[in-house]
Amino acid sequence: MKITIWADFVCPFCMIGQSHLDQALETFEHKDDVEIEYMSFLLMPEAQYDPKKSYAETLSSLKRMQLAQTNAMLSQVEQMAKSAGLAIDFAAAKLCSTLAAHRVFQYAKEEGKGYKYFKRFYQAHFADGELLSDVDAVVRLAEEVGLEGDRVRDIFLSNEYRDKMEEDFRLAREIGVQGVPFFVFNYKYAISGAQPVDAFRQVLQQVWEEEQIN
Amino acid sequence: MSKQTTEQDKKHLAQHEEKPKLADWKKLKTIELDPSQRFVCDAATGICGPAVQVKEGK
């Protein structure tokens, strides 16, 4: 079974959804036949890190939301992450554009390390306070997942892999992805948003059974 | 543990050419689940929350 996931590193429900999917897969009989592929999606391409502003302040001004509304939203996200056994530290997290990190992700995918890269970058953003628009941080994180640092630096500082990244955006638009995470099972069954573990279990079983019939 | 490692990515690369065409992607069937249990980050508004509230822009 193939699972395609459109996501962004700065999307908390993408990380939470991945964790729920992981838990559902643990008890899925055919887990060894499941393959996951991430696709690039930019949630906040215009975001710019401002060290003088908190995460909530940056997000509020970027999306023209009330600060109280943003704080409530982030608090809810933190609670959900905690329930999923994930650490999110918005006091340390740095909201920024992930455009260059996504171009490097396309390279990682080509090198067979896309899945590992995506998971590392979730943690880097939400738990480790890493700045994903900083070339040195991206090079270091990419090296951690086994990519060659000098090559990553070259890609980050150029416009390489933009076409591949934009192919993911284009496909997302064509199939109507309006938010993330967005899961597609076997190129056929779509689910928008992070779901509880049991819902993922149900979908995995349902898709598997339908595919056996077809 | 599912195949979520480097090995898995390599397998994907080998299957890269088998990806469906756009017309096939457009035949996606949406699986409807409880919207109150569905959490999403909306690209237009930037709001992350329950799908129902996000849709209403709350």
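Structural notes, computed from the coordinates. (Residues numbered from 1 in each chain as written. Chains lettered and ligands numbered in written order. Predicted model: local features only at pLDDT ≥ 70, side-chain atom pairs only at ≥ 80, totals over all residues.)

## A short note on the packing of helix 1 (residues 12-26) of chain A against helix 9 (residues 197-213) of chain A
Residues and elements named next belong to chain A. Note the following rule: Axis angles are defined between N-to-C directions and span 0 to 180 degrees, where every axis is a line fitted to C-alpha atoms and, for a helix, only to the segment in contact. The helix count covers DSSP runs of H or I at least four residues long, the strand count covers runs of E at least two residues long, and both are numbered beginning at the N terminus. Angles below 35 degrees are treated as roughly parallel, those above 145 as roughly antiparallel, those between 65 and 115 as roughly perpendicular, and all remaining angles as oblique. With the far helix as reference, a near helix turned anticlockwise by less than a right angle produces a left-handed crossing, and one turned clockwise produces a right-handed crossing. Residues are treated as contacting if the C-beta atoms built from their backbones sit within 7 Å of each other. By the convention adopted, Pro, Cys, Tyr, Trp, Phe, Met, Ile, Leu, Val and Ala count as nonpolar, Lys, Arg, Asp and Glu as charged, and the other residues, Gly among them, as polar.
Packing of helix 1 against helix 9 leaves a shortest axis separation of 8 Å and a crossing angle of 55°. By the angle between their axes, helix 1 is oblique relative to helix 9. Judged by the sense of rotation from one axis to the other, the crossing of helix 1 with helix 9 is right-handed. Contacts from His20, Leu21, Gln23 and Ala24 of helix 1 reach helix 9 at Val197, Phe200, Arg201 and Leu204. The residue makeup of the contact of helix 1 with helix 9, split by class, is five nonpolar, two polar and one charged.

## Some words on the packing of helix 4 (residues 99-110) of chain A against helix 7 (residues 149-157) of chain A
Residues and elements named next belong to chain A. Orientation of helix 4 relative to helix 7, taken along the N-to-C sense of each, is 130°, at an axis distance of 9 Å. Between helix 4 and helix 7, the angle is such that the two are oblique. Of the two elements, helix 4 crosses helix 7, and the hand of that crossing is right-handed. Contacts between helix 4 and helix 7 involve Ala100, Arg103, Val104 and Tyr107 from the former and Val152, Ile155 and Phe156 from the latter. Residue composition of the contact of helix 4 with helix 7, grouped by class: six nonpolar, no polar and one charged.

## Details of the nonpolar core
Soluble globular proteins: nonpolar side chains tend toward being buried together. Selection rule: Nonpolar cores are built from buried Ala, Val, Leu, Ile, Met, Phe, Trp, Tyr and Cys residues. These are joined into a set through C-beta atoms within 7 Å. Whether a residue is buried, exposed or partly exposed follows from its count of other C-beta atoms within 10 Å of its own C-beta, namely 20 or more, 12 or fewer, or something in between, respectively; the C-beta atoms are built from the backbone.
Within the largest apolar cluster, 73 residues are counted, with the highest numbers of intra-cluster contacts made by A:Val104 and A:Val138. With near-sequence residues (within four places) excluded, A:Val104 lies in contact with A:Val138, A:Ala142, A:Val152, A:Ile155 and A:Phe156.

## Side note on the sheet that holds strand 1 (residues 29-30) of chain B
Selection rule: By the convention used here, strands pair only if DSSP detects at least 2 bridges between them.
The sheet built from five strands is open, its strands ordered 2(A)-1(A)-4(A)-5(A)-1(B) with mixed pairing. The outermost strands of the open sheet, each flanked by one partner alone, are strand 2 (35-40) of chain A together with strand 1 of chain B.

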